[in-house]
Amino acid sequence: MRRALTGIKPSGTIHLGNWLGALGPAVALQQEFETFYFVADLHALTSMTDRDRLVALSREVAASFLALGLDPERSVLFRQSAVPEVCELAWILGCAMPAGQMERMHAVKAAKEGGLEVNVGTWYYPVLMSADILLYDSAVVPVGQDQRQHVELARDLAEKLNHRYGEGSLVVPEVLVRETVGTVPGLDGRKMSKSYGNQIDLWQPAARLKKQVMRIVTDSKGVDEPKDPDTCPVFLLYRAVASPAEVAALARRYTAGGMGYGEAKLALFEVLERQLETPRQRFEEWMAHPARLDEVLADGARRARIAAQTTIERVRARAGLR
Ligand code: AMP
């Protein structure tokens, strides 16, 4: 079975965009691959300075994976920082990366655009991500379109090291661009993102979820008027979570007129609730038992380290680090 790897950065409260665009599709990979999942806490350090928040958000990411169906017997779930070999491999890879290329990486551009401090960690981010991928001999890396460049870098670096130190030093991974639901819109219709403050939190009680859904911004068309489903954030969210038959039925109601946005929002809330009720209970259960969660993470780290040490020993020997 081929190995697939996915990491999620614990940098904010999980929202519907993270669920539909990343966590959900990642958990589905268990059917087809030997799966490794990690909480990218070292990556979060480029912008996170609050220790308690990092600990809390890291637990939240791990509990989210588990709540959404990650089976810790079958898959390996761990904190990135629990496998320090990743930093060593990042250093070795960094020594094969031309500095000029760093500036052009998406992570650096995104940090600059977001007005964030661009520290050396931000710069090194793509190299650390390559190390994540290559340390575990990942055959496949499923990513959204926005991360494609980073996996291509991992491929380049693996090929470079294989050239430098001999074939078979590192496994050259394959990029699997995820079939996505597209960009999940937020409350104001722009991309759902914590930096826009337009997110709908994934793990909140039903009553609060309903309140947030009712706050989605729509145009001012009256009940009787026909409406355009394809430009309405309520519909676009509905399309990402409801069954094809439900989606077709709601689209007809939009174009026919006679339905207000309030009714569409309620329909959206009901489908969300249907899908989230059970995972939410599981999430709360994991969050209420941090020791149990840490145990799962410790077991995952132990298994991840076995794979990591095999790779790092091989690379060390070939690089002359003995
Ligand atoms: P972030 O922490 O914002 O980088 O999000 C982590 C991952 O969640 C991204 O790489 C995407 O795969 C996914 N994601 C975040 N926001 C959205 C969105 N609005 N629509 C679809 N996917 C998203």
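Not measured: the values here are computed from a predicted model. (Residues numbered from 1 in each chain as written. Predicted model: local features only at pLDDT ≥ 70, side-chain atom pairs only at ≥ 80, totals over all residues. Heavy atoms only, no water.)

Within the largest apolar cluster, 58 residues are counted, with the highest numbers of intra-cluster contacts made by Leu16, Trp19, Phe65, Leu77, Tyr254, Leu268 and Leu272. Broken down by element, the residue count for this core peaks at 10 residues, all from helix H12 (residues 261–287). With 40 residues, the next largest nonpolar core counts Phe38, Val76, Leu93 and Leu170 among its residues. (Core = buried A, V, L, I, M, F, W, Y, C linked by side-chain atoms within 4.5 Å. Buried < 20%, exposed > 50% of the residue type's maximum accessible area, 1.4 Å probe, protein only. Helix = DSSP H or I, 4+ residues; strand = E, 2+ residues; numbered from the N terminus.)

The next thing to look at is the domain arrangement of the protein. Here the domain parsing of the protein yields domain 1 (3–183 + 290–319) and domain 2 (206–283). The C-alpha-based centres of domain 1 and domain 2 are spaced at 34 Å. Counting each side, the surface lost to burial between domain 1 and domain 2 is near 790 Å², with a carbon and sulfur contribution of 82%. Broken down residue by residue, the surface that domain 1 buries against domain 2 is led by Leu16, Trp19 and Ala67, which jointly contribute 57%. At the boundary of domain 1 with domain 2, the tally comes to one residue pair in polar contact (both at pLDDT 80 or more). If you list the elements that add at least two residues to the side of domain 1 that touches domain 2, you get helix H1 (16–28) and helix H3 (51–67). No other element matches H3, which puts five residues into the side of domain 1 that touches domain 2. (Domains from an automatic or database assignment. Buried area = accessible area lost by both parts, 1.4 Å probe. Polar contact = N/O pair within 3.5 Å; in protein donor to acceptor, adjacent residues only side chain to side chain.)

Next up on the list: the pattern of salt bridges. Two side chains with opposite charge may pair up if their charged atoms get near one another. Counted according to the given criterion, the structure contains 18 salt bridges. Here Arg305 and Glu85 are joined by a salt bridge, their closest N and O atoms 3.0 Å apart. Of this pair, Arg305 sits in helix H13 (residues 290–319) while Glu85 sits in helix H4 (residues 85–94), and the two are 220 residues apart along the sequence. Since its relative accessible area comes to 31%, Arg305 is described here as partly exposed. Classification of Glu85 by relative accessible area gives buried; the value is 7%. Where salt bridges share partners, they join Arg59, Arg79 and Asp294 into one cluster. (Salt bridge = Lys/Arg side-chain N within 4 Å of Asp/Glu carboxyl O.)

This brings us to the pairing of strand S2 (residues 34–39). Summarising burial for S2: five of the six residues are buried, a large majority. Where strand S1 (residues 3–8) lies against S2, six bridges are found, and the strand directions are parallel. Paired with Ile8 across the bridge in S2 is Val39. Where the polypeptide runs from S1 across H1 and back to S2, its parallel neighbour, the crossover connection is right-handed. Across four bridges, S2 lies against strand S3 (residues 76–79) in parallel orientation. When the sheet's bridge partners are listed, Phe36 is paired in S3 with Val76. (Pairing = 2+ DSSP bridges. Right-handed = clockwise from strand over helix to strand, strands pointing away.)

What follows is about the side chain of Ser138. Its location among the elements puts Ser138 in the loop between helix H7 (120–135) and strand S4 (140–143). For Ser138, a relative accessible area of 1% gives the class buried. A polar side-chain atom of Ser138 sits 2.8 Å from the main-chain carbonyl oxygen of Ile133. For Ser138, the contacting residues outside a window of four places in its chain are Arg3, Leu5, Ile133, Val171 and Pro173. (Contact = heavy atoms within 4.5 Å.)

Our next topic: the site of the ligand. In the vicinity of the ligand lie 13 residues, with Gly17, Asn18, Val184, Met192 and Lys194 positioned nearest. Gly17 has a polar backbone atom sitting 3.3 Å from a nitrogen atom of the ligand. Measuring from a nitrogen atom of the ligand, one finds a backbone N or O atom of Val184 at 2.8 Å. Burial of the ligand by the surrounding chains reaches 77%, relative to a free accessible area of 480 Å². Here the shell around the ligand is built from residues that sort into three nonpolar, six polar and four charged. (Near = heavy atom within 4 Å. Areas by Shrake-Rupley, 256 points an atom, 1.4 Å probe, with all protein chains shown as cover. Nonpolar A, V, L, I, M, F, W, Y, C, P; charged D, E, K, R; others polar.)

For the rest of this paragraph, the subject is the packing of helix H6 (residues 106–113) against H7. A pair of packed helices is characterised by two quantities: the angle between their axes and the separation of those axes. Across the interface, H6 lies against H7 with an axial gap of 8 Å and an inter-helix angle of 145 degrees. The handedness of the crossing between H6 and H7 is right-handed. Residue-level contacts link Ala107, Val108 and Ala111 of H6 to Thr122, Trp123, Tyr125 and Pro126 of H7. Class assignment of the residues belonging to the contact of H6 with H7 gives a composition of six nonpolar, one polar and no charged. (Axes fitted to C-alpha atoms, helices over the stretch in contact; angles between N-to-C directions. Left-handed = near helix turned anticlockwise from the far one by under 90°.)

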